[in-house]
Amino acid sequence: MTKKVPAAANRNYKDTIFRMLFSDRESLLSLYNAVNKRNYTNPNDLEIVTLENAIYMGMKNDLAFILDMNLYLYEHQSTVNPNIPLRDLFYIAAEYQKLIDRKSLYSSAIQKIPTPGFFVFYNGIEPLEDCRISRLSDAFLHTGAEPALELIVTTLNINEGHNCELMQHCRKLKEYAQYVAKVRKYAEQLSLEDAVERAVTECIRENILADFLKKNRAEVVAMSIFEYDKVEEEKKLRKAEFEAGIERGEKQASVKAATRMLQMGSFSLEQIAEISGLSVDEIKGLAE
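How each quantity is defined
- What you see as residue numbers is a count from 1 along each chain, following the sequence as written.
- It should be noted that, the model being predicted, local features are given only for residues of pLDDT at least 70 and side-chain atom pairs only at 80 or more, the latter also being counted only at that level, while totals for whole chains, interfaces and linings use all residues.
- Note: side-chain values were computed over all heavy atoms of the structure, leaving out hydrogens and water.
- Strands here mean DSSP runs of E at least two residues long; helices mean DSSP runs of H or I at least four residues long; both are numbered from the N terminus.
- Only protein chains enter the accessibility calculation, which uses a 1.4 Å probe; a residue whose area is less than 20% of its type maximum is buried, one above 50% is exposed, and one in between is partly exposed.
- Values of pLDDT, which run from 0 to 100, indicate the predictor's confidence residue by residue.
- By definition, residues are in contact when any of their heavy atoms lie within 4.5 Å.
- The criterion for strand pairing is that DSSP finds at least two bridges linking the strands in question.
- Axes here refer to lines fitted to C-alpha atoms; in helices the fit is confined to the stretch in contact. Angles between the N-to-C directions go from 0 to 180 degrees.
- Convention used here: angles under 35 degrees read as roughly parallel, angles over 145 as roughly antiparallel, angles from 65 to 115 as roughly perpendicular, and any remaining angle as oblique.
- Working rule for handedness: look at the near helix, and if it is turned counterclockwise from the far one by less than a right angle, call the crossing left-handed; if clockwise, right-handed.
- Multiplying one less than the number of residues by 1.5 Å gives the expected span of a helix.
- N or O atoms within 3.5 Å of each other form a polar contact, as long as, within protein, one can give a hydrogen and the other can take it, and as long as residues adjacent in sequence are counted only when both atoms are side-chain atoms.
- Definition used for salt bridges: Asp or Glu carboxyl oxygen within 4 Å of a side-chain nitrogen of Lys or Arg.
- Residues were grouped as follows: Ala, Val, Leu, Ile, Met, Phe, Trp, Tyr, Cys and Pro as nonpolar; Asp, Glu, Lys and Arg as charged; and all remaining residues, including Gly, as polar.
- Think of it this way: a Phe, Tyr or Trp ring, Trp meaning its six-membered ring, pairs with another when their centres are within 6.5 Å, and the plane angle makes it stacked under 30 degrees, edge-to-face over 60, tilted otherwise.

## Overview of the side chain of Glu193
Reasoning step 1: Among the structural elements, Glu193 can be located in helix H6 (residues 192–205).
Reasoning step 2: Residue Glu193 is classed as buried on the basis of its relative accessible area of 11%.

Here it is, written out as structure tokens:
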């Protein structure tokens, strides 16, 4: 008998555990408060405006929301990506296109827009300082003069042991870091499947993301396997080839994750396809 993946798993693209954790208003507000040292208490003040179907050159927006006339783009990354300011430029343009009435651009009155803020939450294995600032102008061919266009991204290291003050103000973020650390620790000793299962079981026992893991256990296990494999595949790509090889790396990660889930024998072909992004026919081919 296969484990049933919750209905929430039916998303428009391969999700991440980070995005699952902070996709509701209350959790996202707690993360915002921790990052900005604020104390908003009403989740209804926050409007989620994530572009679920927005894809540009294979790039996807994780979380976007408006609060107090500010528009924030939050991204989760497990690899260091120097091109995130350029990616965010595309994202924010798409957000503004959705928010405004295009006819108003030709009026005599100025069209007011929410002030943007850009943050990346990084938990990869490559060493990174607690906070890193990246600028769009770093990519400009000619430097020296004040840039006519700028976009600034703040990357926060959310691995266990980093940004302790931030973690203390957002329990869910701290517990997510603890969960990831457990998966990596046990993956050095066990098969990836056993490492993830052990990490989930231990976290539930220690009341770390317990309710979330109980409710979404099957999906979390599958996503953790996919995310881990994706990072491993990206590590194999030479740095100069990284951007060109992202699609290939994701495909290889999908195949690896699907193969692991087939071997576990706990998922139907449809569930494996939904989590990995492969077609049912491709899953059948792997099974054979």
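Next, the rest of the story.
## With respect to the confidence of the model for the protein chain
Reasoning step 1: Here the protein chain shows a mean pLDDT of 85. Residues at 70 or above account for 85%.
Reasoning step 2: The secondary-structure element of the protein chain with the lowest mean pLDDT is strand S2 (residues 55–56), recorded at 47, while strand S8 (residues 152–157) shows the highest, at 98.
Reasoning step 3: Confidence over residues 1–13 falls short of pLDDT 50; this stretch has 32 contacts with residues more than four positions distant or in other chains.

## A short note on the sheet that holds strand S1 (residues 47–48)
Reasoning step 1: A sheet is described by the order of its strands in space; here six strands give the open sequence S1-S4-S5-S6-S8-S7, paired in mixed fashion. At either margin of the open sheet sits one strand with a lone partner, and together these are S1 and strand S7 (131–135).
Reasoning step 2: Examined bridge by bridge, strand S4 (residues 63–67) and strand S5 (residues 70–77) share five bridges and lie antiparallel to one another. When the bridges of S5 are listed, Ala64 appears paired with Leu73.
Reasoning step 3: Docked against the sheet, helix H3 (residues 84–99) engages S4, S5, strand S6 (115–122), S7 and S8, running at close to 140° with respect to S5.

## Some words on the packing of helix H10 (residues 269–276) against helix H11 (residues 280–287)
When two helices pack together, their arrangement is given by the angle between the helix axes and the distance between those axes.
Reasoning step 1: The interhelical angle for the contact between H10 and H11, taken along N-to-C directions, is 115°, at an axis separation of 9 Å. Relative to H11, H10 is oriented roughly perpendicular. The chirality of how H10 crosses H11 is right-handed. Contacts from Leu269, Glu270, Ile272, Ala273 and Ser276 of H10 reach H11 at Val280, Ile283 and Lys284.

## Remarks on the side chain of Ser134
Reasoning step 1: Summarising the element assignment, Ser134 is placed in strand S7.
Reasoning step 2: On the basis of relative accessibility, which here comes to 13%, the residue Ser134 falls in the buried class.
Reasoning step 3: Discounting residues that sit within four places of it in the chain, Ser134 has contacts with Pro85, Leu151, Ile152 and Val153.

## Side note on the environment of Arg198
Reasoning step 1: Position of Arg198 relative to the elements: it lies in helix H6.
Reasoning step 2: When its relative accessible area of 39% is taken as the criterion, Arg198 is described as partly exposed.
Reasoning step 3: Taking the C-alpha atoms as reference points, Arg198 and Lys182, separated by 16 residues in sequence, lie 8.5 Å from one another.
Reasoning step 4: Residues in contact with Arg198, not counting those within four places in the same chain, are Tyr186, Gln189 and Leu190.

## Things to note about helix H2 (residues 25–36)
The periodicity of an α-helix, 3.6 residues per turn, causes residues three or four places apart in sequence to face the same way.
Reasoning step 1: Taking 1.5 Å as the rise per residue, H2 with 12 residues should run 16 Å; its terminal C-alpha atoms sit 16 Å apart, in good agreement.
Reasoning step 2: Within the sequence span of H2, burial applies to Ser27, Leu28, Leu29, Leu31, Tyr32, Asn33, Ala34 and Val35.
Reasoning step 3: Looking at where H2 begins, the residue whose side-chain oxygen comes 3.3 Å from the main-chain nitrogen of Glu26 is Asp24.
Reasoning step 4: Lys37 sits one or two residues past H2 and shows a positive phi near 55°.

## Side note on the pattern of salt bridges
Reasoning step 1: Inspection of the entire model under this criterion finds eight salt bridges.
Reasoning step 2: Close ionic contact of Glu206 with Lys182 constitutes a salt bridge, the shortest N to O distance being 3.2 Å. Highlighted residues: Glu206 in the loop between H6 and helix H7 (210–215) and Lys182 in helix H5 (residues 171–187), separated in sequence by 24 residues.
Reasoning step 3: Among the ionic pairs, Arg217 bridges to Glu197, the shortest N-O distance being 3.0 Å. Placement of Arg217 in helix H8 (residues 217–236) and of Glu197 in helix H6 is noted, with a sequence separation of 20 residues between them.
Reasoning step 4: Classification of Arg217 as partly exposed rests on a relative accessible area of 27%.
Reasoning step 5: Three or more residues are tied together by salt bridges with common partners; here these are Lys182, Glu202, Arg205 and Glu206.

## Quick notes on the packing of H5 against H6
Reasoning step 1: The contact between H5 and H6 brings their axes to 8 Å, and the two run at 140°. As judged from the angle between their axes, H5 and H6 are oblique. Of the two elements, H5 crosses H6, and the hand of that crossing is right-handed. Residues Tyr179, Lys182, Val183, Tyr186 and Ala187 of H5 touch H6, and the partners they reach there are Leu192, Ala195, Val196, Arg198, Ala199, Val200, Glu202 and Cys203.
Reasoning step 2: Of the residues that constitute the contact of H5 with H6, the class distribution is 10 nonpolar, no polar and three charged.

## Quick look at the packing of aromatic side chains
To describe a pair of aromatic rings, you give the distance between the ring centres and the angle between the ring planes.
Reasoning step 1: Evaluated as defined, the whole model comprises 11 aromatic pairs.
Reasoning step 2: Ring-pair connections join several aromatic residues into one group, and the members of that group are Phe18, Phe22, Tyr32, Tyr40, Phe65, Tyr72, Tyr74, Phe119, Phe121 and Tyr176.

## Description of the environment of Ala177
Reasoning step 1: Within the secondary structure, Ala177 is located in helix H5.
Reasoning step 2: Between the C-alpha atom of Ala177 and that of Gly161, which follows or precedes it by 16 residues, the distance is 8.7 Å.
Reasoning step 3: Setting aside residues no more than four positions away along its own chain, Ala177 makes contact with Ile158, Asn159, Glu160 and Met167.

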